[in-house]
Amino acid sequence: MANLGMSNTHVNRFDASKRAAATRHKIHTVINVALCSAAFIFVAAIVCGIVV
């Protein structure tokens, strides 16, 4: 193969599928944080007697 002066890591850095996977990972993290926060607030409200 011809050496084009670009390493494989450099080529893979611009791979669209990896960018989509990173975006999906960020969205998944945000959803998990939101759900855990909502659950914690709900339990705290029950403990404090706000929610019966």
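Note that the structure is a prediction, hence the values are computed from the model and not measured.

A few points about the overall build of the protein
From N to C terminus, the protein includes two helices and zero strands. For the protein, the proportion of its 52 residues judged to be buried stands at 2%. Carbon and sulfur atoms provide 70% of the accessible area of the protein, an area that totals close to 4900 Å².

A short note on helix H2 (residues 16-48)
Between its first and last C-alpha atoms H2 spans 48 Å; for 33 residues at 1.5 Å apiece the expected length is 48 Å, and the two agree. Two residues or fewer past H2, Gly49 is found with a positive phi of approximately 85 degrees.

Topic: a nonpolar patch on the surface
A cluster of nonpolar side chains, Phe42, Val43, Ile46, Val47, Ile50 and Val51, forms an exposed patch at the surface whose accessible area comes to about 590 Å². By the secondary structure assignment, Phe42 is in helix H2.

Points about the environment of Val51
Considering the arrangement of structural elements, one finds Val51 in the segment after H2. A relative accessible area of 33% means that Val51 is categorised as partly exposed. Non-local contacts of Val51, meaning those with residues more than four positions away in its chain, are made with Phe42, Ala45 and Ile46.

Reading guide: rules and limits
- Residues numbered from 1 in each chain as written.
- Predicted model: local features only at pLDDT ≥ 70, side-chain atom pairs only at ≥ 80, totals over all residues.
- Heavy atoms only, no water.
- Helix = DSSP H or I, 4+ residues; strand = E, 2+ residues; numbered from the N terminus.
- Buried < 20%, exposed > 50% of the residue type's maximum accessible area, 1.4 Å probe, protein only.
- Areas by Shrake-Rupley, 256 points an atom, 1.4 Å probe, with all protein chains shown as cover.
- Expected span 1.5 Å × (residues − 1).
- Patch = residues over 30% accessible without salt bridge, like charges linked within 9 Å, V, L, I, M, F, W, Y side chains within 5 Å.
- Salt bridge = Lys/Arg side-chain N within 4 Å of Asp/Glu carboxyl O.
- Contact = heavy atoms within 4.5 Å.

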